[in-house]
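Commentary on secondary and tertiary structure
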Amino acid sequence: MPELKQKKVGIVSCSGEELPEGTVSRLAALKVLEELRPGETVTICLPLFLAGGEGDRAFAKFYPTIAIDGCDKRCAYRATEKYSNTPAAGIVITDLIKEHGLPVPTGCRRLDQNGLALAELAAALAAEQVDALLGKQWSSRQGQFLQSEDRPQQSQEPIQATCSCGSGIPVQKLMLDGQEVTFIALPLIFQQFAENQKAPSAQVLDELMNTVKLYNSLFPELEKSARAEIANAYQIYWNAERCQNG
Amino acid sequence: MATKKVVIIPCSGVGKPFGTITREAAYQVTEDDRPEDTRLVPLSLLVLGDEDAQAALTEAEVISIDGCALICATKMARESGGQVSRAFNSMDIYRANRDLKPKGIAELNDAGLELARKLAAQIDQAVDELTGKADGNA
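Residues numbered from 1 in each chain as written. Chains lettered and ligands numbered in written order. Predicted model: local features only at pLDDT ≥ 70, side-chain atom pairs only at ≥ 80, totals over all residues.

Glancing now at the pairing of strand β8 (residues 179–184) of chain A. Successive side chains on a regular strand alternate, one facing one side of the sheet and the next facing the other. Residue and element names in this part refer to chain A. Sheet analysis places strand β7 (residues 171–176) next to β8, joined by six bridges and oriented antiparallel. Across the sheet, residue L176 finds its bridge partner in β8, namely Q179. Counting the residues between successive antiparallel strands, the hairpin from β7 to β8 contains two residues, one of them, D177, with a positive phi of roughly 50 degrees. (Pairing = 2+ DSSP bridges. Helix = DSSP H or I, 4+ residues; strand = E, 2+ residues; numbered from the N terminus.)

Structure representation (structure tokens):
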């Protein structure tokens, strides 16, 4: 799958209000997002897979995700898998308790010390998974990723949970045979191709279509029309970019 | 009149303080203020179509508490077969109390907790109306 934006890892937590382990999953996710790996992670509220739009449901197609669940119902993992894409990794708090022989937490609303310790453990494990997925090495001493010589230094982003609410993945709508079809990520795909100086051509269009199909399911009967409309839309994008950049 | 406990569904929002306010308000209503009359149903279970969670909504009065304009809790409650009797949004409480600026997602600041208390008080009132206990009928 091509990398369309700076690669980040998506963290999805169950946040289950009914069990202390749900609160643990929520706090662990927030700890990763806000403290441990703020620049490398992004989140989405679990219900947005259903209540949101195509962009929200494409979340896990763009970001390798780590699901943090409170119990073996694994709502976060299964919902991500069902509505978006299979998570790259999953952490289940009740499994952690068994594996590490830890005391069961209490307090859905205010976690006890056992719950807070569990959240720390789950967050640390999730951060390790983030590093593994990004192929980066974290320096505990420096509090940042070790930079390879050829890797540009990244600017520090604000330390807060990055929420996809209302932003989602950009989409573009095209008319295909008289019906409006939404294409997930099309603006980003155009941007990526233009940045790579891929001028419109039959060969580039083949490549473009392959990329578009990674994120969009196309009915075979609409493929010809889609190819023509996407070629047209990319030509317009390309011309506009060239005008803008002189 | 409801024969089952009033179901409270907060939004589970994890990206903004307004989601945490819904969670805090839901706990205050179900644990502190009206534990006899209410029960909390996690939205995550409804997302997956959990049968027990869906059954809890059947023939029950449902109060949704959302934290943003996407109103996930309200939408999910309806998709799960629930009749949403009252729908609240923590952003409305903030609009009515702009001096209280909520901060913190893992842990709300004092302003956020105060907003949660105000929201809970409105939900308490709604619960009383739905259970026929309003105006001293309890």
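Having put the structure on the table, let's press on.
This paragraph deals with the sheet that holds strand β1 (residues 6–10) of chain B. All names here are of chain B. Reading across from one edge, β2-β1-β3-β4 is the order of the four strands in this open sheet, with parallel pairing throughout. Bordering the open sheet on either side are β2 (38–40) and β4 (83–89), each of which pairs with just one other strand. Averaged over neighbouring strand pairs, the angle between their axes works out to 25 degrees when direction is ignored. Where β1 and strand β3 (residues 61–66) come together, four bridges link them in parallel fashion. When the sheet's bridge partners are listed, I9 is paired in β3 with S64. Helix-sheet contacts for helix α1 (residues 17–33) involve β1, β2 and β3, and the interaxial angle to β1 is about 160 degrees. Helix-sheet contacts for helix α6 (residues 110–130) involve β1, β2, β3 and β4, and the interaxial angle to β4 is about 160 degrees. (Axes fitted to C-alpha atoms, helices over the stretch in contact; angles between N-to-C directions. Contact = placed C-beta atoms within 7 Å.)

Further remarks concern the domain arrangement of chain A. Residues and elements named next belong to chain A. Each domain of chain A was delimited in the assignment, giving domain 1 (9–145) and domain 2 (171–244). Put simply, the middle of domain 1 and the middle of domain 2, counted by C-alpha atoms, are 34 Å apart. Counting residues at the interface gives four residues for domain 1, matched by five residues for domain 2. Partitioning the side of domain 1 that touches domain 2 into residue classes produces one nonpolar, one polar and two charged. (Domains from an automatic or database assignment. Nonpolar A, V, L, I, M, F, W, Y, C, P; charged D, E, K, R; others polar.)

In this section: unusual backbone geometry. You will see that A:Q197, though not glycine, has its phi angle at about 60 degrees, which is positive. Turning to its location among the elements, A:Q197 is positioned in the loop between α8 (186–195) and α9 (202–215). You will see that B:E59, though not glycine, has its phi angle at about 60 degrees, which is positive. Tracing the chain through its elements places B:E59 in the loop between α3 (51–57) and β3.

Soluble globular proteins: nonpolar side chains tend toward being buried together. In this structure, A:A28, A:V32, A:I68, A:A122, A:A126, B:V47 and B:C72 are the most contacted members of the largest nonpolar core, which totals 103 residues. Three or more residues apiece are contributed to this core by two domains, here domain 1 (9–145) and domain 2 (171–244) of chain A. Once you skip the residues sitting within four places of it in the chain, A:I68 turns out to touch A:I11, A:S13, A:S25, A:A28, A:A29, A:A76, A:I91, A:A122 and A:A126. (Core = buried A, V, L, I, M, F, W, Y, C linked by C-beta atoms within 7 Å. Buried ≥ 20, exposed ≤ 12 C-beta atoms within 10 Å, placed from the backbone.)

So, on to the pairing of strand β1 (residues 9–13) of chain A. Residues and elements named next belong to chain A. A large share of β1 lies buried, amounting to five of its five residues. Side chains of β1 alternate between two faces, with V9, I11 and S13 and G10 and V12 buried alike. Note that β1 and strand β2 (residues 41–43) share three bridges and pair parallel. Its bridge partner being in β2, G10 is matched across the sheet by V42. The β-α-β motif built from β1, the intervening helix α1 (residues 20–36) and the parallel element β2 has right-handed crossover chirality. Pairing geometry for β1 and strand β3 (residues 65–69), over four bridges, is parallel. What sits directly across from I11, in β3, is I66. (Right-handed = clockwise from strand over helix to strand, strands pointing away.)

For the rest of this paragraph, the subject is the packing of helix α6 (residues 93–100) of chain A against helix α7 (residues 113–134) of chain A. Residues and elements named next belong to chain A. For the pair α6 and α7, interaxial distance at closest approach is 11 Å and the crossing angle is 100 degrees. Accordingly, the angle class assigned to the pair α6 and α7 is roughly perpendicular. Between α6 and α7, the contacting residues are I93, L96 and I97 on the first element and L118, L121 and A122 on the second. Residue classes in the contact of α6 with α7 are distributed as six nonpolar, no polar and no charged. (Parallel < 35°, antiparallel > 145°, perpendicular 65-115°, else oblique.)

A word on the interface of chain B and chain A. Counting residues at the interface gives 26 residues for chain B, matched by 30 residues for chain A. Of all elements in the fold, only α1, α2 (43–47) and α4 (72–79) of chain B reach the threshold of two or more residues within the side of chain B that touches chain A. The greatest single-element share of the side of chain B that touches chain A, amounting to five residues, is contributed by α1(B). For the side of chain B that touches chain A, the per-class residue count stands at 16 nonpolar, five polar and five charged.

Next up on the list: α4(B). For α4(B), the complete set of buried residues consists of B:C72, B:A73, B:T74, B:M76 and B:A77. Backbone geometry just after α4(B) places B:G81 at a positive phi near 95 degrees.

A separate point is the sheet that holds strand β4 (residues 89–92) of chain A. Residue and element names in this part refer to chain A. Spatial ordering of the open sheet is given by β2-β1-β3-β4, a layout of four strands whose pairing is parallel. This sheet does not close on itself; its edge strands, each paired only once, are β2 and β4. Strand-to-strand twist across the sheet, computed as the mean angle between neighbouring axes with direction ignored, equals 25 degrees. Lying over the sheet, α6 contacts β3 and β4, oriented at roughly 70 degrees with respect to β4.

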